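Letter by letter, the chains look like this.
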Number of protein chains: 2
Amino acid sequence: MSDPHYTDRKQVARANRAFYAALEDLDAGAMERIWADHDDVQCVHPGGELLVGRRKVLGSFGVIFDSTDSMRFELSDVLLQVRGPIAWVTLVERIETRFDDEVHEASATATNLFEQIEGEWRIVVHHASPLQRRFYPEGD
Amino acid sequence: MSDPHYTDRKQVARANRAFYAALEDLDAGAMERIWADHDDVQCVHPGGELLVGRRKVLGSFGVIFDSTDSMRFELSDVLLQVRGPIAWVTLVERIETRFDDEVHEASATATNLFEQIEGEWRIVVHHASPLQRRFYPEGD
């Protein structure tokens, strides 16, 4: 373990997985526990406005959960950075959602920012955006 | 000055303004100096893919500058957080671009992440996304 941040990186990766597990489980209670318990939290859903504060952020997941029968995420290009008590994860989300027998597939790029608060890594910013155009050919 | 982060906040705000000034000035050299000088830098333009590393990130601004005669940003809802050597700014961008006498207006939400490196606040993540739908009515 030559990387001094090995434990932090593992914990951040676990917190990041817990966030997507809460989404897949449509679990509002888990989502409440994953987000930091202060009003500086911020969230942008693909194509959505900037939401600030726990009420709006957690409420927006309620809106999503209410209009979703199931949701599956395939994550790729995961990059994780730790700097002391702050960490960020960027990744590509392939999202499959089902509602009323309709299947919707989409791709998004996401930045997730975590803060270590009382020993726990909590999410403070989730910013996801739709993938609509490319600056570089795929694979470049 | 009861806020111990007052100086940091001022410097981060200045770095954030410098980023948008470099965009408005279509100044590739300024952009090179504002971004951290390591390959963990990441950038998502509105609707675009996740770009990683200085070559791709700075190259993407070159693509934008080459297809733009002028660019103006009106920033609002600016929120700034500092945690030690890491800071993030979220905001709404109203963007007016001109190219070949065509004017294009758009809105985006952005998360800008800064890292203090050798005393200078440098941008390490810029994530901007198109504003296409709302979870809450405006003004709520």
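Residues numbered from 1 in each chain as written. Chains lettered and ligands numbered in written order. Predicted model: local features only at pLDDT ≥ 70, side-chain atom pairs only at ≥ 80, totals over all residues. Heavy atoms only, no water.

1. Examining the pattern of salt bridges
Residue and element names in this part refer to chain A. For the coordinates displayed, the defined rule picks out six salt bridges over all chains. Here D37 makes a salt bridge to R54, at a shortest N to O gap of 3.5 Å. Taken together, the residues span a long stretch of sequence, with D37 in the loop between α2 (28-34) and β1 (42-44) and R54 in helix α3 (residues 54-66) at a distance of 17 residues. Look at D37 and you get exposed, because its relative accessible area is 60%. (Salt bridge = Lys/Arg side-chain N within 4 Å of Asp/Glu carboxyl O. Helix = DSSP H or I, 4+ residues; strand = E, 2+ residues; numbered from the N terminus. Buried < 20%, exposed > 50% of the residue type's maximum accessible area, 1.4 Å probe, protein only.)

2. A word on the relation of the copies chain A and chain B
Under the fitted operation, chain A is carried onto chain B by 0.0 Å of movement along the axis and a turn of 180°, and the coordinates agree to an RMSD of 0.0 Å. The superposition operator between the copies reduces to a two-fold rotation axis. Distance from the rotation axis, computed per C-alpha, reaches its smallest value in chain A at S129(A): 2.7 Å. The share of interface residues of chain A whose copies in chain B are also at the interface is 100%, consistent with both copies meeting through the same surface. (Least-squares fit on C-alpha atoms with pLDDT ≥ 70 in both. Contact = heavy atoms within 4.5 Å.)

3. What to know about the interface of chain A and chain B
Between chain A and chain B, the contact holds 44 residues from the first and 44 residues from the second. Of the roughly 3,800 Å² buried between chain A and chain B, counting both surfaces, carbon and sulfur atoms make up 56%. In terms of surface lost to chain B, no three residues of chain A exceed E49(A), F135(A) and Y136(A), which account for 19% of the buried area on that side. Where chain A touches chain B, the interface holds two salt bridges. A salt bridge links R83(B) to E115(A), with the shortest nitrogen-to-oxygen separation between them at 2.6 Å. Taken together, chain A and chain B are joined by 24 residue pairs in polar contact (both at pLDDT 80 or more). Contributions of two or more residues to the side of chain A that touches chain B are made by β1, β2 (51-52), α3, β3 (70-83), β4 (86-99), β5 (102-117) and β6 (120-130) of chain A. (Buried area = accessible area lost by both parts, 1.4 Å probe. Polar contact = N/O pair within 3.5 Å; in protein donor to acceptor, adjacent residues only side chain to side chain.)

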